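# Report on the structure
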Amino acid sequence: MQTIFALATAKGRSGVAIIRISGPDAVICARNVMESVPDKRGIRKIYDSDGALLDEALVLQFLAGKSFTGEPVVELHLHGSPAVVAAVTRRLGSDDRLRPAEAGEFTRRALDNGQLDLAQVEGLADLIDAETEHQRKQAMRVFSGALGALVDAWRADLIRAVALLEATIDFVDEEVPVDVTPEVSLLLERVMLQMRGELAGVQAAERVRDGFEVAIIGKPNVGKSTLLNRLARRDVAITSEIAGTTRDVIEVRMDIDGIPVTLLDTAGLRETDDLVENLGVIRARARAADADLCIYMLDMDEEIPHDIDDKCIVLRAKADLVANSDHAVSGLTGQGVDDLISTIGTKLAGQVGSVGVAIRERHRIALMRGETEIEEALAKLRRDDGLAEITAEHIWRAVRAVDSLVGRVDVEDVLDEIFSSFCIGK
């Protein structure tokens, strides 16, 4: 592979800026811009091609197999001036043995060199994008190899099961001393049960990564936009005494107890002849139906609707104006807002608790494929039709589905999409 380089820290002014050089000629190319490359780490002066001093940097060297990419790597920890970074980048770019790295190329090389599996790459992408504590924890579990460890255990059980079956095929003309069916069934059922557990948590895991949606719904002029502004701690929605002010869905991103939440302010629910407002009401109902939670705000004398379900938090609006302020909230004064935030956090925490280490749609599809093949294998075992070859083939297909989770089979069709989300320095 050609040696590559890139800025591995964010662009702009900073205390320290890191330029990473990775590839077979990393040390040679680094030596071209300084007097010598330290064996591990050291302070070195960085020179331009004419001998002009560009900067004095901390230089780190990583041997092949000991670096993030698995290749020889040299890192230049420069002073974080944009001018310094630009000058050193120009100097490195003038070397024909070097080329600028593409988006995600350092991580791609880590995958190619066996430093990371495909699930860990996805975990790293999520870790870089993490904004809340639950996002960080979820991404860290995957990046640390938890899914890979689970896959290894499943694979071992499936390989054991297929080996037992294929032994009966090899000795079909002889009497096999032990009936392997009970052990094979036990192995397959154990893997299938664990797969189903992971499948149950995929949807919640996707919500942790992308954010849960909480819709604020109710009649016009009940105080939905005022409550949104109070929760967001800034004016994000126009408030007015005129009913029907909100026509479109307004979204605000929040962190509630470490959980990413998108609050949705929706149009007031009522029958109207106004075409634009009616479109807003239709959109409000649709977003509320798809939301993970709803805050249903009731007017002071309004009855609770019969179609309210368990995902709704029903509150009386304008708590500052009602005699009994239990289960009431006021966006104007903030009364009941802290209790509302606590309730939202508690309800969403229950969903977060079901999250495993399979966290993406790609994982869900692979798990479903594996589960289906194991179900077919178990069905044939129970029928005892003597077709051990077909049963074994179903198990092999389950193995391939499991292997696809960590990239042990051909997954070129998903690699470009994954790495396109990375920045250049990764």
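Right above here is the structure, for reference.
Below is a summary of the structure that appears in this document. (Residues numbered from 1 in each chain as written. Predicted model: local features only at pLDDT ≥ 70, side-chain atom pairs only at ≥ 80, totals over all residues. Heavy atoms only, no water.)

## As for the overall build of the protein
Quick note on the threshold: Counting from the N terminus, the helices are the DSSP runs of H or I reaching at least four residues and the strands are the DSSP runs of E reaching at least two. When accessible area is computed with a 1.4 Å probe and restricted to protein chains, residues below 20% of their type maximum are described as buried, those above 50% as exposed, and intermediate ones as partly exposed. Here the accessible surface of atoms and residues is derived via Shrake-Rupley with a 1.4 Å probe, and residues count as covered only by protein chains that are part of the display.
A count of helices and strands for the protein gives 13 helices and 12 strands. With 426 residues in all, the protein has 48% of them scored as buried. Total accessible area computed for the protein in this model is approximately 21400 Å², and 50% of it derives from carbon and sulfur atoms.

## What to know about unusual backbone geometry
Look at aspartate 257: it is not a glycine, yet its phi comes out positive at around 55 degrees. Mapped onto the elements, aspartate 257 comes out in the loop between strand E8 (250-256) and strand E9 (259-265). Classification of aspartate 257 by relative accessible area gives exposed; the value is 54%. In this model, lysine 318 sits at a positive phi of 55 degrees, which is unusual for a non-glycine residue.

## Here we look at the pattern of salt bridges
So the rule is basically this: One speaks of a salt bridge when a side-chain nitrogen belonging to Lys or Arg is within 4 Å of a carboxyl oxygen belonging to Asp or Glu.
Under the definition given, this model contains 22 salt bridges. In this structure, glutamate 75 engages arginine 20 in a salt bridge whose closest nitrogen and oxygen atoms are separated by 3.5 Å. On the criterion of sequence distance, the pair formed by glutamate 75 in strand E5 (residues 73-79) and arginine 20 in strand E2 (residues 16-22) is long-range, its members being 55 residues apart. Of the residues examined, arginine 20 reaches a relative accessible area of 10% and is grouped as buried. A salt bridge links arginine 109 to glutamate 71; its shortest N-O distance comes to 3.2 Å. With arginine 109 in helix H3 (residues 105-112) and glutamate 71 in the loop between strand E4 (53-62) and E5, this residue pair connects regions lying 38 residues apart in the sequence.

## Let's talk about the side chain of lysine 224
Quick note on the threshold: Counting rule for charge: Lys and Arg are taken as positive, Asp and Glu as negative, and neither His nor the chain ends is counted. Any two residues whose heavy atoms approach within 4.5 Å at even a single point are treated as in contact.
Its location among the elements puts lysine 224 in helix H8 (residues 224-232). Despite its burial, lysine 224 pairs with no opposite charge, the nearest such side chain being aspartate 265 at 5.5 Å. What lysine 224 contacts, discounting residues up to four positions off in sequence, is Ile216, Ile217, Gly218, Lys219, Asp265, Thr266, Ala267, Gly268 and Met297.

## Some words on the side chain of threonine 391
Along the polypeptide, threonine 391 turns up in helix H12 (residues 388-406). Threonine 391 gets classed as buried once you look at its relative accessible area, which sits at 3%.

## Quick notes on the environment of glycine 356
Tracing the sequence through the fold places glycine 356 in the loop between helix H10 (337-352) and helix H11 (361-383). Sequence spacing of glycine 356 and valine 142 is 214 residues, and the spatial spacing of their C-alpha atoms is 9.4 Å.

## What to know about the sheet that holds strand E11 (residues 312-317)
Put simply, the test is: The pairing criterion for strands is at least two bridges between them, as found by DSSP. Axes here refer to lines fitted to C-alpha atoms; in helices the fit is confined to the stretch in contact. Angles between the N-to-C directions go from 0 to 180 degrees.
In spatial order, the strands read E8-E9-E7-E10-E11-E12; together these six strands make up an open sheet with mixed pairing. Edge strands, defined here as strands with exactly one partner in the open sheet, are E8 and strand E12 (328-329). Strand direction decides the pairing type here: strand E7 (residues 212-218) and E9, joined by five bridges, are parallel. In the sheet register, glutamate 213 faces E9, and the bridge partner there is threonine 262. Set on the sheet, H8 makes contact with E7, E8, E9, strand E10 (293-298) and E12; between it and E7 the angle comes to about 145 degrees.

## Some points on the state of the cysteines
As a reminder of what qualifies: Two cysteine sulfurs form what is called a disulfide whenever their separation falls within 2.5 Å.
Overall, the coordinates contain zero disulfides when judged by the stated rule. For the unlinked cysteine cysteine 312, the closest cysteine sulfur is that of cysteine 294, found at 4.3 Å. Taking the relative accessible area as the measure of exposure, cysteine 312 reaches 14% and is therefore buried.

## Some remarks on the pairing of E11
One ladder, built from five bridges, connects E10 with E11; its direction is parallel. Across the sheet, the residue bridging to methionine 297 is leucine 315, located in E11. Of the pairings in the sheet, the one linking E11 to E12 comprises two bridges and is parallel in character. Looking across to E12, one finds that alanine 317 is bridged to valine 329.

## Considerations on the sheet that holds strand E1 (residues 3-7)
Taken together, six strands build an open sheet; the order of strands is E3-E4-E5-E2-E1-E6 and the sheet is mixed. Edge strands, defined here as strands with exactly one partner in the open sheet, are strand E3 (41-47) and strand E6 (98-100). For this sheet, the mean angle separating the axes of adjacent strands, direction not counted, is 30 degrees. Sheet analysis places E1 next to E2, joined by four bridges and oriented antiparallel. Among the inter-strand pairings, leucine 7 is bridged to a residue of E2, identified as isoleucine 19. Running at roughly 135 degrees to E1, H3 makes contact with E1, E2 and E6 of the sheet.

## Considering a nonpolar patch on the surface
The condition that has to hold: Only residues whose relative accessible area exceeds 30% and that take part in no salt bridge are eligible for patches, with like-charged residues grouped when within 9 Å of each other and nonpolar side chains (Val, Leu, Ile, Met, Phe, Trp, Tyr) grouped when within 5 Å.
Residues Leu275, Val276, Leu279 and Ile282 make up a contiguous nonpolar surface patch of roughly 410 Å² in combined accessible area. For leucine 275, a relative accessible area of 63% translates into the label exposed.

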